[in-house]
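# Coordinate analysis (summary)
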Amino acid sequence: MEDKFLTVEEINKLPDNKKVRRMKYIKIFLYIISLIISLALLGIGIFLIIVNKDVKVGGFLCVVFGAMLTFFLLASSILIFNGTIDKKYRDILLIQAIKEVLGSDAIFTKNAKVNKTLLKETGISPLDIEVANEQIVTILDNLKLSIISLKTINPLVTNVSQTIGATFEGGLAGFLLGSAASIISAANKETINRMFDGTLILIPLLKKKIDGVVEIRTKNCFSPVSFILDKDNLFEVESIKAHEKYNFYSKIKEEGFYIVVPEIIELFNKLDSIYKDGVVAIFKEDFIAIGVNNYHLNINKIYNNKNLSAKEMYFAIKDNLKILKEVDKTINFSIINR
């Protein structure tokens, strides 16, 4: 695929959205005019054949040319309207933008296929995944990263559906039971706080391996309290400032001190300064899962934006992915693997 990538000069020569739309309207106008002419030739030819026998040959020719032109225009309409330079390069520039930012090893999937309990398994959120969007697998700092945009179910919406279902199935009694369950769940703010709508970064096959679980959660986070470890698993590090910003958990205290070294705290400080709406890091076995709330890759959204030309889409994707590249430069993920 890379040998088909465009040069900077070729990209700059591509039209912007205004020019693409203008060319589209011109093409539609010319197509309609051509279709009118072909139908007019067809009609005139039929008229001449029926009304005036002296011009029968001319009428026959008009019918033939009119029919041929009409058939050609109708048969080639899909190619005419889809075969634009903009659409030709859109898919190429999509992949090119991703690889230029995240490296030639980056592999993009438009619709990630993940287990609905992935966030629960990693320890980010106990809620099931409602939707998984785009996914990028790449290698940074000699580490393989899987970056996935995810959104958990909304417990409130789920409970409303259950209440409606209970009403139909159980009448008034079912409605009362369903409402009670819904009210109890709505009152449980902790459950609502577990909702995750952002990006999951998975880094497997680390050199550091542990038997338990180590968690770091920003206190401004969507879910500052662990759901797999309890208060007894909280531990303290030397930095007072770190305790003001984060909750540190470890199933085995010695492993907590082994993982949460000053470099990791500095890494988290930088992550927290870049992503303002909460970050969670879960160390398990030989992998780390980092949950970043309210940050999305948005590649599909940008790609499908009809108000952007292929060139504008290319630059928009690169701009949106730059934050991941900046995170890599700032943080140096290789710290995790020492």
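Let me sum up the structure you'll find in this document. From a predicted model like this one, the values you see are computed outputs, not experimental measurements. (Residues numbered from 1 in each chain as written. Predicted model: local features only at pLDDT ≥ 70, side-chain atom pairs only at ≥ 80, totals over all residues. Heavy atoms only, no water.)

### Looking at the packing of aromatic side chains
In this description, an aromatic ring pair is defined by two values, namely the gap between the centres and the angle between the planes. Considering all chains together, one arrives at 5 aromatic pairs under this definition. These aromatic residues form a ring-pair network of at least three members: Phe 235, Tyr 246, Phe 248, Phe 257 and Phe 268. Stacked on the ring of Tyr 303, the Lys or Arg Arg 90 has its end atom at 5.7 Å from the ring centre. (Phe/Tyr/Trp six-rings, centres within 6.5 Å; stacked < 30°, edge-to-face > 60°. Lys NZ or Arg CZ within 6 Å of the ring centre and 35° of its normal.)

### Remarks on helix α11 (residues 262–274)
Helix length check: α11, at 13 residues, gives a terminal C-alpha distance of 19 Å against a target of 18 Å (1.5 Å per residue), a fit within 8%. Among all positions in α11, only Ile 264, Ile 265, Leu 267, Phe 268, Leu 271 and Asp 272 are buried. Viewed along the axis of α11, the buried residues span an arc of 155 degrees, placing them on a single side of the element. (Helix = DSSP H or I, 4+ residues; strand = E, 2+ residues; numbered from the N terminus. Expected span 1.5 Å × (residues − 1). Buried < 20%, exposed > 50% of the residue type's maximum accessible area, 1.4 Å probe, protein only. Arc of directions from axis to C-beta.)

### Brief notes about the side chain of Thr 122
Inspection of the secondary structure puts Thr 122 in helix α6 (residues 118–122). By relative accessible area, which is 4% here, Thr 122 ends up buried. Ignoring any residue separated from it by four or fewer positions in sequence, one finds Thr 122 in contact with Leu 202, Ile 282, Lys 284, Phe 287 and Ala 289. (Contact = heavy atoms within 4.5 Å.)

### A closer look at the sheet that holds strand β3 (residues 143–152)
Pairing is antiparallel in the open sheet, where 8 strands are placed in the order β1-β2-β3-β4-β8-β7-β5-β6. Across the chains shown, the open sheet's two edge strands, defined by having one partner strand only, are β1 (107–109) and β6 (246–250). Taking each pair of neighbouring strands and ignoring which way they run, the sheet shows an average axis angle of 15 degrees. With 5 bridges connecting them, strand β5 (residues 213–218) and β6 associate as antiparallel partners. Its bridge partner being in β6, Thr 218 is matched across the sheet by Tyr 246. (Pairing = 2+ DSSP bridges. Axes fitted to C-alpha atoms, helices over the stretch in contact; angles between N-to-C directions.)

### Overview of the environment of Lys 151
Mapping Lys 151 onto the fold places it in strand β3. For Lys 151, a relative accessible area of 34% corresponds to the partly exposed category. Sequence separation of Lys 151 and Leu 119 is 32 residues, and the distance between their C-alpha atoms is 9.7 Å. Beyond its immediate chain neighbours, meaning those up to four positions away, Lys 151 contacts Ile 129, Glu 130, Val 131, Phe 196 and Asp 197.

### Quick notes on the pairing of strand β2 (residues 129–140)
Two elements, β1 and β2, share 3 bridges in a ladder whose sense is antiparallel. Directly across from Phe 108, in β2, lies its bridge partner Ile 136. The sheet contact formed by β2 and β3 spans 9 bridges and is antiparallel. Bridge pairing links Ile 129 to Thr 152 in β3. Remark: 2 residues form the turn of the hairpin made by β2 and β3, two consecutive strands paired antiparallel; Asp 141 in that turn has positive phi of roughly 55 degrees.

### Focus on the nonpolar core
Counting 54 residues, the largest nonpolar core has Ile 98, Ile 136, Val 260, Ile 299, Ile 317, Leu 321 and Leu 324 as the members making the most contacts within it. The leading source of residues in this core is helix α5 (residues 85–102), at 7 residues. (Core = buried A, V, L, I, M, F, W, Y, C linked by side-chain atoms within 4.5 Å.)

### Concerning the pairing of strand β8 (residues 287–293)
Counting buried residues in β8 gives 7 out of 7 residues, a clear majority hidden from the surface. Side-chain alternation along β8 places Phe 287, Ala 289, Gly 291 and Asn 293 on one buried face and Ile 288, Ile 290 and Val 292 on a second face that is also buried. As defined by bridge partners, strand β4 (residues 197–203) adjoins β8 across 6 bridges and the pair is classed as antiparallel. Bridge pairing in β8 places Thr 199 opposite Val 292. With 6 bridges joining them, strand β7 (residues 279–284) and β8 adopt antiparallel strand pairing. Residue pairing across strands places Ala 281 opposite Ile 290, the latter belonging to β8. Where β7 folds back on β8, the antiparallel hairpin that results is connected by 2 residues, among which Glu 285 adopts a positive phi of roughly 50 degrees.

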